[in-house]
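Observations on the model geometry
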Amino acid sequence: MHAVVAVVAPAVLIGLLAMAWQWVATTKVTVLPTLGAVAADFAGRPEFYWGQLQYTLTTALIGLVIGIAVALILAILIVHIPILHAAIMPIAVVVHATPIVAISPALVVAFGFGTTPQLIVVALMVFFPMLINAITGLKAVPTDMLEVFQSMSATRADVFFRLRLPASLSYLFAAAKTCVTLAMIGAVVSEFHGATRGLGATIVQAMTYLDLPQMWAAIAMSALVSLVLLGLVSLGQKLIVRW
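The present account deals with the structure reproduced in this document.

Procedures and definitions
Residues numbered from 1 in each chain as written. Predicted model: local features only at pLDDT ≥ 70, side-chain atom pairs only at ≥ 80, totals over all residues. Heavy atoms only, no water. Helix = DSSP H or I, 4+ residues; strand = E, 2+ residues; numbered from the N terminus. Buried < 20%, exposed > 50% of the residue type's maximum accessible area, 1.4 Å probe, protein only. Contact = heavy atoms within 4.5 Å. Areas by Shrake-Rupley, 256 points an atom, 1.4 Å probe, with all protein chains shown as cover. Lys, Arg positive; Asp, Glu negative; His and termini not counted. Charge placed at Lys NZ, Arg CZ, Asp CG, Glu CD. Phe/Tyr/Trp six-rings, centres within 6.5 Å; stacked < 30°, edge-to-face > 60°. Polar contact = N/O pair within 3.5 Å; in protein donor to acceptor, adjacent residues only side chain to side chain. Core = buried A, V, L, I, M, F, W, Y, C linked by side-chain atoms within 4.5 Å. Salt bridge = Lys/Arg side-chain N within 4 Å of Asp/Glu carboxyl O.

**Section: the overall build of the chain**
On a plain count of helices and strands, the chain comes out with 10 helices and 0 strands. The secondary structure elements of the chain, listed N-terminal to C-terminal, are α-α-α-α-α-α-α-α-α-α. By residue count, 37% of the 243 residues in the chain fall in the buried class. Considering only contacts in the chain between residues 6 or more positions apart, those separated by 24 or more positions represent 73%. For the chain, the exposed surface amounts to about 13700 Å²; the carbon and sulfur share of it is 75%. Charged side chains in the chain number 10 positive and 7 negative. The centres of these two groups are separated by 5 Å.

As structure tokens, this is what we get:
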């Protein structure tokens, strides 16, 4: 019964939302395109959309790796050198509090129209959630277990790889679920300024020419890819974190 409700309830809600969408699209043609028009636009130009998706996804994944790597390195340093917490965290909070939409044009001015500004935007968006969760996870070590390791004269490497890292996996995967969606958002938003390729540039182009089917096809594609990435991270968590 529970499984049936879990399947039927979302299906009913999606059906109702689709009906509401179609009603708005047919009564206010300048607000939304019909779902059929969006599907037809994608079906008529699949190579175009896949090319834009490939560009945006590449930017998102590279920026994701950079942001996570920097966050993990700083988290490890903060856990092992507590004085760094007071030095790094205020800067991290300021970076997190700064609107990315405001940073993006400034980065284009500073670094030009290449992929560098886009990678920086993505890395900044994923940096803070991973940093906070990594610090929390690496510190979430049972005191008695830590005392056992210390009584056995375990090295810092032993404590890290055998105790801290396993204890932090749940926190790291929780952050990763947030980061993959933020990476796609960051990649798309970064393409709003100065980009000629990618889903973000496709959305801006569609907005310029009032091409609603193209706009919503690009938005739908970015949302679907975010869901796929989120599903892959969840699958990885189930395979790796078994406790």
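**Describing the packing of aromatic side chains**
Applying the stated criterion across every chain, the model contains 5 aromatic pairs. Ring geometry for Phe48 versus Tyr49: centroids 5.2 Å apart, planes at 75°, classification edge-to-face. On the accessibility criterion, Tyr49 (0% relative accessible area) is buried. Here Phe160 and Phe161 contribute two aromatic rings whose centre-to-centre distance is 5.0 Å and whose plane-to-plane angle is 85°, an arrangement assigned as edge-to-face. Judged by relative accessible area, which is 11%, Phe160 ranks as buried. Exposure remark for Phe161: the relative accessible area of 56% places this residue in the exposed category.

**Details of the environment of Thr98**
On the secondary structure map, Thr98 appears in the loop between helix H4 (83–97) and helix H5 (100–111). Through-space distance from the C-alpha of Thr98 to that of Trp23 is 39 Å; in sequence the pair is 75 residues apart. Polar contacts involving the side chain of Thr98 include one to the main-chain carbonyl oxygen of Val94, which spans 2.7 Å.

**Here's the deal with the nonpolar core**
Among the nonpolar cores identified, the biggest contains 45 residues, and Leu64, Met130 and Leu131 are the most heavily contacted of them. Every element with two or more residues in this core is listed here: helix H3 (46–80), H4, helix H6 (116–139), helix H8 (156–190), helix H9 (199–208) and helix H10 (212–240). Of the residues forming this core, the biggest block, 12 residues, is contributed by H8. Setting aside residues no more than four positions away along its own chain, Met130 makes contact with Ile68, Ala71, Leu72, Leu172, Ala175, Ala176 and Cys179. Residues Ile100, Leu107, Val121 and Met125 belong to the second largest nonpolar core, which totals 5 residues.

**A few points about unusual backbone geometry**
One non-glycine residue, Leu210, adopts positive backbone phi at about 55°. By secondary structure assignment, the location of Leu210 is in the loop between H9 and H10. Note on Leu210: relative accessible area 71%, which makes it exposed.

**Quick word on the pattern of salt bridges**
Inspection of the entire model under this criterion finds 2 salt bridges. The closest approach of N and O atoms between Arg162 and Asp158, which form a salt bridge, is 4.0 Å. Note that Arg162 and Asp158 are positioned in helix H8 at a spacing of 4 residues, about one turn of the helix. What makes Arg162 exposed here is its relative accessible area of 61%. Note on Asp158: relative accessible area 30%, which makes it partly exposed.

Everything listed here is a matter of geometry and, on its own, says nothing about what the molecule does.
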